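# Geometric and topological summary
Now for the letters of each chain:
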Amino acid sequence: IYPVVKDPVSRSNTQAFVQEILGYKWMTDHGCYNGRIEHVSSKSVDLKSLKRPFEFHQVLNDAIYCVENPDGIQPAGKEGSVILRYSDNGVPAAVAYDAKGHRAVSFGFPLEVLKDGNTLEIIMLKTLEYITDKKK
């Protein structure tokens, strides 16, 4: 048996990194209950082409592991914007960030659990376009 030790310094450093470099803050570990997500109108990551809502695996299945308790995350400051929300309660599911000479996109759920491959492809493409676009 390996004891779990909560290190307040390490935890504080992690929170600072997430807020200052990735541009988001953690809200909850129960972001949604129905496995559905909707895109938010955003100037950062253009996800208008996604069908609404789309789904991820939230119950046990034979295809892939499930995410019973996805995280809810929110922008850490004005440089961040919500790009996806859980459809059952409006909790933010993904945040785009643009500051300090770099961009980041963070998700409260693992992308590989999305049920539709086309949805995954669109999210990956649009996220990469946002991160690498020098004009924005």
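In short, a report on the structure. Being a predicted model, the structure only gives us computed values, none of them experimental.

### Some words on the pattern of salt bridges
- The final tally for this structure, using the stated rule, is 7 salt bridges.
- Residues Arg36 and Glu55 are paired through a salt bridge, measuring 2.9 Å at the closest nitrogen-oxygen approach. You can see Arg36 sitting in strand β2 (residues 36–39) and its partner Glu55 sitting in strand β3 (residues 54–55), a full 19 residues away along the chain.
- Owing to a relative accessible area of 28%, Glu55 belongs among the partly exposed residues under this scheme.
- Measuring nitrogen to oxygen at the nearest pair gives 3.1 Å for the salt bridge that ties Asp98 to Arg103.
- Residue class for Asp98 comes out partly exposed when judged on its relative accessible area of 34%.
- Salt bridges linked by common partners bring Arg36, Glu55 and Lys115 together as one network.

### Examining the environment of Lys43
- Relative to the helices and strands, Lys43 is located in the loop between β2 and β3.
- A relative accessible area of 84% means that Lys43 is categorised as exposed.
- Separated by 48 residues in sequence, Lys43 and Val91 have C-alpha atoms that sit 19 Å apart.

### Some details on the packing of aromatic side chains
- Enumeration according to the criterion identifies 3 aromatic pairs in this entry.
- Considering the side-chain rings of Phe56 and Tyr86, the 6.4 Å spacing of their centres and the 65 degrees angle between planes classify their relative orientation as edge-to-face. A residue pair is termed long-range when its members are at least 10 positions apart, and Phe56 in the loop between β3 and β4 (72–75) and Tyr86 in strand β5 (residues 80–86) qualify at 30 residues. For the pair formed by Phe56 and Tyr86, the shared burial category is buried.
- For the ring pair Phe56 and Phe109, a centre distance of 5.5 Å and an interplane angle of 10 degrees mean the geometry is stacked. Of the two residues, Phe56 is situated in the loop between β3 and β4 and Phe109 in the loop between β7 (102–107) and α2 (117–132); the sequence distance between them amounts to 53 residues. Phe109 carries the same exposure label as Phe56, and that label is buried.
- By way of ring pairs, the aromatic residues Phe56, Tyr86, Phe107 and Phe109 are connected into one cluster.
- The positively charged end of Arg103 is found above the aromatic ring belonging to Tyr130, 5.0 Å away from the centroid.

About the thresholds
Residues numbered from 1 in each chain as written. Predicted model: local features only at pLDDT ≥ 70, side-chain atom pairs only at ≥ 80, totals over all residues. Heavy atoms only, no water. Salt bridge = Lys/Arg side-chain N within 4 Å of Asp/Glu carboxyl O. Helix = DSSP H or I, 4+ residues; strand = E, 2+ residues; numbered from the N terminus. Buried < 20%, exposed > 50% of the residue type's maximum accessible area, 1.4 Å probe, protein only. Phe/Tyr/Trp six-rings, centres within 6.5 Å; stacked < 30°, edge-to-face > 60°. Lys NZ or Arg CZ within 6 Å of the ring centre and 35° of its normal.

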